[in-house]
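Single-letter residue listing:
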Amino acid sequence: MLKISKVKNAYKEIEDILGSDFVSDKDFMKAAYSRNVDPAFPDRWADIIVKPESTEEVSEIVKIANKYKIHMVPRGGGADLVGGSVSEGGILLDLTRMNQIHEINVDDYYCIVGCGITWGSMLSELQKKGVTTGILGPGSGYSATIGGGLSNATVGFSSTKYGLTPDICLGVEAVLPNPEGTIVRTGAASNQYATPFCRYGVSPDFTGLFMGDVGTMGIKCKAFLRLFPDPPYKVRRYYMLAKDDYSQVFKLAHKMRKEVGDGLNDLMVWPTILFNLLSAQVVNKPSKRPKITGPVFSVTLDATDQRIIDVYLEKTNEIMLKDDVTRPFEWQEIDLDMVLSTDWKFTLKEEFNFFQKYISTAPPKSSMTTCHKVAISRLNESVQKGVQFNINNSKEFPPKNPPYPVFASFLMFLPNGNCVIVGGLGGDNTDENREIQMNIWHKKIRHQVKYGAAHYWLGESISQSIVESGAYTPEFMQFFKDMKKAVDPNFLLSPNKFHMYSYDHDYTEHLVED
Ligand SMILES: Cc1cc2nc3c(=O)[nH]c(=O)nc-3n(C[C@H](O)[C@H](O)[C@H](O)COP(=O)(O)OP(=O)(O)OC[C@H]3O[C@@H](n4cnc5c(N)ncnc54)[C@H](O)[C@@H]3O)c2cc1C
């Protein structure tokens, strides 16, 4: 009874601020917001869904939430795969109305955008001015937002050259979840006389507090992002390995990094099984299909001058085609509809559409993603460990659902010595399977954490699994809680993540011995 009246009171006060069009407690709205792209989770209904348009409105909502002690979860595009942007009860903050581009500064190479803007909308505007954020966002970039990218420390297209989304962030304007709804700016913008042209040097790096935090430390409303001149020359080539041998992958990737250097915009490896699945599913098959012998390298090069890109391409061919380890590959060899440009004129559409087509080889099941980063020298070992885990634990997978390993050896290379192993498990999207699936999902993440992996989107399932594995020391957990308490004294923002349920809760209850 008490809960109902406090939610009702909060609703009324929020309605006074936002107007009735941008707050809802209707069932059809709650149902619409009850999931992300993560069918492994049951649906969860928030009490109130709000759509603020400005930082000030977010601050007012936070004050009301504190007054009534109602928890909050921020949400961007809802393209999360790990239970991050849904809320059981409480207030769900849909930030997609905060989608303005406030400034594009081509002289000082930064832009200011609302955190609810999608990658697709932002990049389309930037491209008109000949600039780019470098990173082109995740595979879900037509609907995923910058706020989600910063909170999930998203890896995306061109991450080989530009790193993770936080790496292009110069600062944020965020609302702290405290009773005052404090608005802070970080980076150079914490100097109220400065523009947000750089990240470091004015104060400690408080931007980092909000990066990869999966919405636990504050509500990011504006982002200050780095810009780069958009290199007018880009080219992509594919090479298929003669054998399914990941030790070769490491050698070639290492050589590419060393010898092509700055020209290397994106380097990915697509697993053999993907081509087998794709070629089995395509409508327009080529009359004769060459044997699929191994994974395929996708190499994207960029340069400011045609002559430079020619040199990069020559070097790439020299590395890739030496000793017949790989051969050039065209997607039309398995699918006549897959016409991807081979000159420098490819567009955003190509990136996002291509990724959607690729990911849709997965049947309509629950996807339990296990994407993680490993040190590049441990690539082969980590891929083998992943495969062995599936074999050793096959009895614990949902009945009739053997591990669905399509992504298990899809790689994205990052700057320095690390790379992403994209992965996932599959199961039927049914209530009976949910618990078994969650258990094996968490177990797989714990296994990865123990071989030294670092994940990126942490949401609920991954962040909890890291805690369960015992990766965090007691000192680290205390530090984390103390930092959160400083910004969120009533513990209202994104509960459950990292197995945090209150500041008194003992996380050691969740440790699991595998
Ligand atoms: C087809 C497909 C492909 C994908 N490819 C990739 C990929 O290549 N790389 C990758 O990293 N991810 C990928 N993802 C996962 C996901 O889409 C991305 O991580 C994306 O960046 C999430 O953005 P979003 O706006 O949808 O965030 P949401 O799902 O809305 O939120 C993600 C998390 O961030 C928090 N959050 C969101 N906005 C804010 C804010 N303004 N302030 C504070 N917290 C906030 C939420 O609480 C939640 O924990 C993919 C998903 C799909 C469905």
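Model, not experiment: these values are computed from the prediction. (Residues numbered from 1 in each chain as written. Predicted model: local features only at pLDDT ≥ 70, side-chain atom pairs only at ≥ 80, totals over all residues. Heavy atoms only, no water.)

**Q** Just checking my understanding: could you explain the layout of surface pockets for this structure?
**A** Summary: where empty space remains is shown by rolling a probe the size of a single water molecule over the atoms. Looking at the second largest pocket, its volume works out to about 500 Å³. The element contributing the most residues to the lining of the second largest pocket is helix α14 (residues 474–487), with 4 residues. Classifying every residue of the lining of the second largest pocket gives 17 nonpolar, 4 polar and 2 charged. (1 Å grid on protein atoms, 1.4 Å probe; cavity = no way out; pocket = protein on both sides within 12 Å on 5 of 7 lines; lining within 4 Å. Points joined across faces, edges and corners; volume = space filled by probe spheres on them. Helix = DSSP H or I, 4+ residues; strand = E, 2+ residues; numbered from the N terminus. Nonpolar A, V, L, I, M, F, W, Y, C, P; charged D, E, K, R; others polar.)

**Q** Help me understand a nonpolar patch on the surface, please; the structure alone is not making it clear to me.
**A** Taken together, Phe476, Phe479 and Met483 make up a surface patch of nonpolar side chains, about 270 Å² in accessible area. Structurally, the position occupied by Met483 is in helix α14. Judged by relative accessible area, Met483 falls into the partly exposed class, the value being 31%. (Patch = residues over 30% accessible without salt bridge, like charges linked within 9 Å, V, L, I, M, F, W, Y side chains within 5 Å. Areas by Shrake-Rupley, 256 points an atom, 1.4 Å probe, with all protein chains shown as cover. Salt bridge = Lys/Arg side-chain N within 4 Å of Asp/Glu carboxyl O. Buried < 20%, exposed > 50% of the residue type's maximum accessible area, 1.4 Å probe, protein only.)

**Q** Would you mind showing me how to read the sheet that holds strand β2 (residues 48–50) here?
**A** Two orientations exist for strands paired in a sheet by backbone hydrogen bonds: parallel and antiparallel. Strand order in the open sheet formed by 4 strands is β1-β2-β4-β3, and the pairing between neighbours is mixed. On the outer flanks of this sheet lie β1 (23–24) and β3 (72–75), each paired with one strand and no other. Direction of pairing for β2 relative to strand β4 (residues 91–94): parallel, over a ladder of 3 bridges. Within β4, the residue paired with Ile49 across the bridge is Leu92. (Pairing = 2+ DSSP bridges.)

**Q** Honestly, the site of the ligand in this entry has me stumped. Any pointers?
**A** In the region of the ligand, 36 residues are neighbours, and Pro74, Gly76, Ser140, Thr145 and Val155 sit closest. Between the ligand and the protein, one listed contact pairs an oxygen atom with a backbone N or O atom of Gly78 at 2.9 Å. Taking Val214, its main chain carries an N or O atom lying 3.4 Å from an oxygen atom of the ligand. For the ligand, whose unbound accessible area comes to 960 Å², protein coverage reaches 97%. Only β3, α5 (146–151), β10 (219–226) and α10 (348–359) provide two or more residues apiece to the shell around the ligand. Top element by residues in the shell around the ligand is α5. It accounts for 4 residues. (Near = heavy atom within 4 Å. Polar contact = N/O pair within 3.5 Å; in protein donor to acceptor, adjacent residues only side chain to side chain.)

**Q** Is there a simple way to think about unusual backbone geometry in this case?
**A** Across the chain, the bulk of peptide bonds are trans and the bulk of non-glycine residues have phi less than zero. Of note in the backbone geometry, Asp324 takes a positive phi value of approximately 55° without being a glycine. Turning to its location among the elements, Asp324 is positioned in the loop between α9 (306–321) and β15 (326–329). Despite not being glycine, Asn496 has its phi angle at roughly 85°, a positive value. Along the chain, Asn496 falls in the segment after α14.

**Q** In this structure, what is going on with the environment of Phe329? I would like to understand it.
**A** When you line up the elements, Phe329 lands in strand β15. Note: C-alpha distance between Phe329 and Met268 (61 residues apart in sequence) is 14 Å. Ignoring sequence-local partners within four residues, the contact set of Phe329 consists of Tyr238, Tyr239, Met240, Phe275, Val296 and Ile334. (Contact = heavy atoms within 4.5 Å.)

**Q** Looking at this structure, I do not really get the packing of aromatic side chains. What am I missing?
**A** All told, the structure shown has 12 aromatic pairs when counted by the stated rule. Considering the side-chain rings of Tyr162 and Phe228, the 4.7 Å spacing of their centres and the 55° angle between planes classify their relative orientation as tilted. Note that Tyr162 is positioned in helix α6 (residues 159–162) and Phe228 in strand β11 (residues 228–229), a separation of 66 residues in sequence. Accessibility expressed as a relative area gives 14% for Tyr162, which makes it buried. Between Phe275 and Phe329, the ring centres sit 5.3 Å apart and the planes meet at 80°, which makes this aromatic pair edge-to-face. Linking Phe275 in helix α8 (residues 272–281) with Phe329 in strand β15, this pair joins segments that are 54 residues apart in sequence. A relative accessible area of 0% means that Phe275 is categorised as buried. Through successive ring pairs, a cluster of aromatic residues spans Tyr238, Trp270, Phe275, Phe329 and Trp331. (Phe/Tyr/Trp six-rings, centres within 6.5 Å; stacked < 30°, edge-to-face > 60°.)

**Q** It is not clear to me how the pairing of strand β12 (residues 233–241) should be interpreted in this structure. Could you clarify?
**A** Regular strands have side chains that alternate between both faces of the sheet. Among the 9 residues in β12, 7 count as buried, and that is most of the element. Both β12 and strand β14 (residues 296–303) contribute to a ladder of 8 bridges, which runs antiparallel. Looking at the pairing, Arg237 lines up with Val299 of β14. Bridging between β12 and β15 involves 4 bridges; their strand directions are antiparallel. Within β15, the residue paired with Tyr238 across the bridge is Phe329.

**Q** What exactly am I supposed to notice about the environment of Pro328 here?
**A** With respect to the helices and strands, Pro328 occurs in strand β15. Here Pro328 is in contact with Tyr238, Tyr239, Leu321 and Glu333, once residues within four sequence places are set aside.

**Q** What exactly am I supposed to notice about the sheet that holds β15 here?
**A** As summarised here, the arrangement of the 7 strands in space is β15-β12-β14-β13-β18-β19-β17, forming an open sheet in which the pairing is antiparallel. The open sheet is flanked by β15 and β17 (372–375), the only strands paired with a single partner. Each strand axis lies, on average, 25° off the axis of its neighbour in the sheet, ignoring direction. Summarising the sheet, β17 and strand β19 (residues 418–422) pair through 4 bridges and their orientation is antiparallel. Bridging across to β19, Ala375 finds its partner in Asn418. Against the sheet, α9 engages β12, β14 and β15, with an angle of about 160° to β14. (Axes fitted to C-alpha atoms, helices over the stretch in contact; angles between N-to-C directions.)

In short, shape yes, function no, at least from these values alone.
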